[in-house]
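Breakdown of the fold
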Amino acid sequence: MAILEVKDVSKRFGGLQALRDVNLSVAENTVHAIIGPNGAGKSTLLNCLVGKLTPDTGSVLFQGQSVLGRKPHEINQMGISRVFQTPEIFGDLSVQENMLIPVFAKRDGAFRLHPFETVEHEREVIDEAMAALEEFGMADKRHMHAASLSRGDKRRLEMAMCLVQRPRLLLLDEPTAGMARANTNRTIELLREIMERRDITMVIIEHDMHVVFSLADRITVLAQGMPLVEDTPENIKGHPKVKEAYLGEAA
Amino acid sequence: MLGLNKRDTRFLIIVILLTLFTPFLLQPFPEESALAQFNGGYPDLMAKIAIFGIFAMGFNILFGLTGYLSFGHAAFLGVGSYAAVWMFKLLTMNVFPAIIVAVLVAGLFSAVIGYISLRRSGIYFSILTLAMAEMSYRLAYSVLTPITNGETGLQVRDSDPRILDGADAAQYPNLFGLELSQSWKLELASHVFTFNVGFYFCAVVAIVMFYISLRIARSPFGLVLKAIKSNQTRLNYTGMNTRPYTLAAFVISGMYAGLAGGLMAVMDPLAGAERMVWTASGEVVIMTILGGAGTLLGPVLGAGAIKYLENIFSKINENVLHEWFAFLPDGMEDAVIWLIARFTGEGWHLTLGVMFMAVVIFLPGGLVEGGGRIAAWFRRKPAAGAGAGGGDGDGDGDPEHHPKPTPRIATLGD
């Protein structure tokens, strides 16, 4: 069953047609990669899924419900989390505090005025945050300033912050951009582990073919705002159209 | 105690003691000595410090925790004052209705201004609040004269209805009959200490407000405010709506300002538009930054430092300087006095400016950071001494080498 259904989505910025009748169907508990050359509309599409942009036409359904017109925090509360190209974390806060926020967001919803409770007394929230830090191997760094973490650890923390909320769908925007090969492989490992351990669907935008072919169950190739092909990695590898539009350029 | 952990409880107790003993702390010099000039222990100044401390504490919730720099908080102070004076005119000279209504009216007013201004963040937010406050000031000064009494200012008159007060009720602000202007003087070894009802009333309110801001800073709500300052994008994509949080912080800090305005009216029952002018908004920004934005005690220290120095420096006029430097040869005396006079008396703002620049450049964390550095310096010295002496292993028993750690204001206040 499709968890995410994108139908005929178009988006125009002035004279630029960024997306043209994009259709996409993501099956539950799979990894779906979106690839394409620069300017193909990958990030625009992702932004349409999380409420940052509203498409001009078309519809986006998540678990049968439309996400269009909803704000990012509402879409998150529906069960979609997003990892950014450059890790977005709370740099001024400690690693543990970073983990507390998503747990509070899941428990309390979009807004709750609780100025006379005490963070220290919220045992359940702290335990849940600590369990997630353990799971991602960051428990020993819990008192560190998040801004002073290495880039790889920031990425790891951001993923932990997304996953502690138990989202149904995780969107990843170039999770390995700017990483050395060793770190890239570690990230692939991490994502594989997550797929094994949890009931989760992932949509990955990625430039690195190594990452895409190691993880993806299905691949959609975008070019000039239009989906070119959608298929399994094996078939994409040898696809003439793809070679021409994307891989061919690189070779 | 009171829902605080051990460290915060100790912190609160230190603050309570400091506040209650202010009449002693600010009066360190004997009455007849040459240094009596620098005594600040008179009720008017001490109450001002407590009131501006409350103002700065509230401002810090918005600026220090949430990261929104408002340039219009004096508007809420002014609104609080007007509301309090109106309560004095209409209801009673008892202070409680006045300050409660001052807080509520300022809260309502800040909800409106906050709702509009918080549509933007960063510099645009600051400009919007500045514009709103300036508009409020102009309205209070002219258009709303029937409510604010324009440039004359709102005053309490004998002819006011005061429907809750009987015929023989007190004519001055009072706590159920106890007049706030009452003072007791204590003479002790040529020192004179003044204990004033008004100051202690403001001090108790300030302690309560400090406790509230401490609780807010330690709450999940306070954590979310810090997260807003740190990264709004992540917070939105984490499922929290930043708008109601920022509005709540804005209204809370507006209510603190309204309370401060109400207390000003309590100490001196009149209200004028000049309380809302933009330099008054700037003053609280300077207090907060000078003391240490984002720390709990910093804004209060900043308010205290500025109000104390303002009073002391403004009093030093050329006559005083002539007395001080009479020992110098004539030409030199005039030169020295001319130079120092630029920084004292009416020129005190120059001193404030220099001080502010020095703090921003050398102590970006404000006075609190300065305190922390001094404390660290004191801690390091004995440690180095013990190291040089060969080290005495588990020397917890030796008080010489292991003095009690000084209260670490900087870390307590973070």
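Being a predicted model, the structure only gives us computed values, none of them experimental. (Residues numbered from 1 in each chain as written. Chains lettered and ligands numbered in written order. Predicted model: local features only at pLDDT ≥ 70, side-chain atom pairs only at ≥ 80, totals over all residues. Heavy atoms only, no water.)

**Notes on the nonpolar core**
One recurring pattern in soluble globular proteins: nonpolar side chains tend to sit buried together. This is how the line gets drawn: To qualify as a nonpolar core, a set must consist of buried Ala, Val, Leu, Ile, Met, Phe, Trp, Tyr and Cys residues joined through side-chain atoms within 4.5 Å. Exposure categories follow from relative accessible area, calculated using a 1.4 Å probe and restricted to protein chains: below 20% of the type maximum is buried, above 50% is exposed, and the middle band is partly exposed. Any pair of residues with heavy atoms lying within 4.5 Å of one another is described as a contacting pair.
The biggest cluster of nonpolar side chains holds 138 residues, and the ones touching the most others in it are Met99, Leu157 and Ile194 of chain A together with Ile54 and Leu263 of chain B. If we ignore the near neighbours within four places in the chain, the residues touching isoleucine 54 of chain B are Cys202, Val205, Ala206, Met209, Tyr256, Leu259, Ala260 and Leu263 of chain B. Counting 28 residues, the second-largest nonpolar core is a separate cluster that includes Val6, Phe62, Met78 and Leu222 of chain A.

**Brief notes about the domain arrangement of chain A**
Residue and element names in this part refer to chain A. Let me state the cut-off plainly: Here the limits of each domain have been adopted from an automatic or database domain assignment. Two parts lose some accessible area (1.4 Å probe) when they are put together, and adding that loss for both gives the buried area.
Splitting chain A by domain gives domain 1 (1–69 + 167–251) and domain 2 (80–164). Each side of the interface is counted separately: domain 1 has 24 residues, and domain 2 has 14 residues. Of the roughly 1800 Å² buried between domain 1 and domain 2, counting both surfaces, carbon and sulfur atoms make up 59%. When the buried surface of domain 1 facing domain 2 is broken down by residue, Asp173, Leu190 and Arg198 rank first, second and third, together holding 26% of it.

**Digging into the environment of threonine 9 of chain B**
Residues and elements named next belong to chain B. Basically, it comes down to this: Put simply, DSSP H or I for four residues or longer makes a helix, DSSP E for two residues or longer makes a strand, and each gets a number counted from the N terminus. Here a polar contact is recorded for every N or O atom pair within 3.5 Å, except that within protein the pair must consist of a potential hydrogen donor and a potential acceptor, and residues adjacent in sequence are included only if both atoms are side-chain atoms.
Tracing the chain through its elements places threonine 9 in helix H1 (residues 6–20). You can call threonine 9 buried: its relative accessible area is 11%. A polar side-chain atom of threonine 9 sits 2.7 Å from the main-chain carbonyl oxygen of asparagine 5.

**Focus on the interface of chain B and chain A**
Stated precisely, the cut-off is as follows: Criterion for a salt bridge: a side-chain nitrogen of Lys or Arg within 4 Å of a carboxyl oxygen of Asp or Glu.
Each partner contributes residues to the interface: chain B has 28 residues there, and chain A has 39 residues. In total, chain B and chain A occlude about 2900 Å² of area from one another, counting both sides; carbon and sulfur atoms represent 65% of this. For chain B, the biggest contributors to the area lost against chain A are Leu223, Arg234 and Tyr237 of chain B; these three give 26% of the whole. Joining chain B to chain A, the criterion identifies 1 salt bridge. A salt bridge links arginine 234 of chain B to glutamate 158 of chain A, with the nearest nitrogen and oxygen atoms 2.6 Å apart.

**A few points about the sheet that holds strand S4 (residues 57–62) of chain A**
Residue and element names in this part refer to chain A. To keep things clear, this is the line we draw: One bridge is not enough; two strands pair if DSSP finds at least two bridges between them.
Pairing within the open sheet is antiparallel, and its 4 strands lie in the order S2-S1-S4-S5. In this open sheet, the two strands that pair with only one neighbour each are strand S2 (16–27) and strand S5 (65–66). Pairing between strand S1 (residues 2–13) and S2: 8 bridges, direction antiparallel. Paired with leucine 4 across the bridge in S2 is valine 26.

**Notes on helix H3 (residues 43–65) of chain B**
Structural remark: α-helix, 3.6 residues per turn; residues separated by three or four positions point the same way. Residue and element names in this part refer to chain B. Keep this limit in mind: One less than the residue count of a helix, multiplied by 1.5 Å, gives the span that helix is expected to have. Fitting one axis to the seven residues ending at a residue and another to the seven starting there, the bend at that residue is the angle between the two axes.
Along its 23 residues, H3 runs 31 Å from first to last C-alpha, staying within 8% of the 33 Å computed at 1.5 Å per residue. If you look at H3, its biggest bend is around 35°, right at phenylalanine 59. Buried residues dominate H3, accounting for 21 of its 23 residues. One or two steps after H3, the chain reaches glycine 67, where phi turns positive at roughly 85°.

**Focus on the side chain of lysine 11 of chain A**
Residue and element names in this part refer to chain A. With respect to the helices and strands, lysine 11 occurs in strand S1. A distance of 2.8 Å separates the side chain of lysine 11 from the backbone oxygen of threonine 54, its partner in a polar contact. With residues up to four places along the chain from it excluded, the contact list for lysine 11 reads Leu16, Gln17, Ala18, Leu19, Thr44, Thr54, Pro55 and Asp56.

**Thoughts on the sheet that holds strand S3 (residues 31–35) of chain A**
Residues and elements named next belong to chain A. The line we're drawing: Angular values range over 0 to 180 degrees, each being the angle between N-to-C directions of two axes fitted as lines to C-alpha atoms, with helices fitted over their stretch in contact.
The mixed open sheet is built from 6 strands, whose spatial order is S6-S7-S8-S3-S9-S10. Where the open sheet ends on each side, the last strands, each with one partner, are strand S6 (80–83) and strand S10 (226–231). Sheet twist, expressed as the mean angle between neighbouring strand axes with direction ignored, is 20°. Relative to strand S9 (residues 218–223), S3 is paired through 4 bridges, and the arrangement is parallel. Across the sheet, isoleucine 35 pairs through a bridge with valine 221, a residue of S9. Strands in contact with helix H1 (residues 42–50) are S3, S6, strand S7 (169–173), strand S8 (201–205) and S9; relative to S7, the strand with the most contacts, it is inclined by about 150°. Most of the contacts of helix H6 (residues 181–197) go to S8, to which it runs at about 155°, and overall it touches S3, S7 and S8.

**Things to note about a positive patch on the surface**
For clarity, the threshold we go by: Patch definition: residues above 30% relative accessible area lacking any salt bridge, with like charges linked at up to 9 Å and the nonpolar side chains Val, Leu, Ile, Met, Phe, Trp and Tyr linked at up to 5 Å. Computed by Shrake-Rupley with a 1.4 Å probe, the accessible areas treat only the displayed protein chains as cover when residues are assessed. Charged residues are defined here as Lys and Arg on the positive side and Asp and Glu on the negative side; His and the ends of the chain fall outside this count. In plain terms, the charge of a residue is placed at NZ if it is Lys, CZ if Arg, CG if Asp and CD if Glu.
A surface patch of like charges, here positive, comprises Lys71 of chain A together with Arg119, Arg120 and Arg243 of chain B. In this fold, arginine 120 of chain B is placed in the loop between helix H5 (95–117) and helix H6 (122–143).

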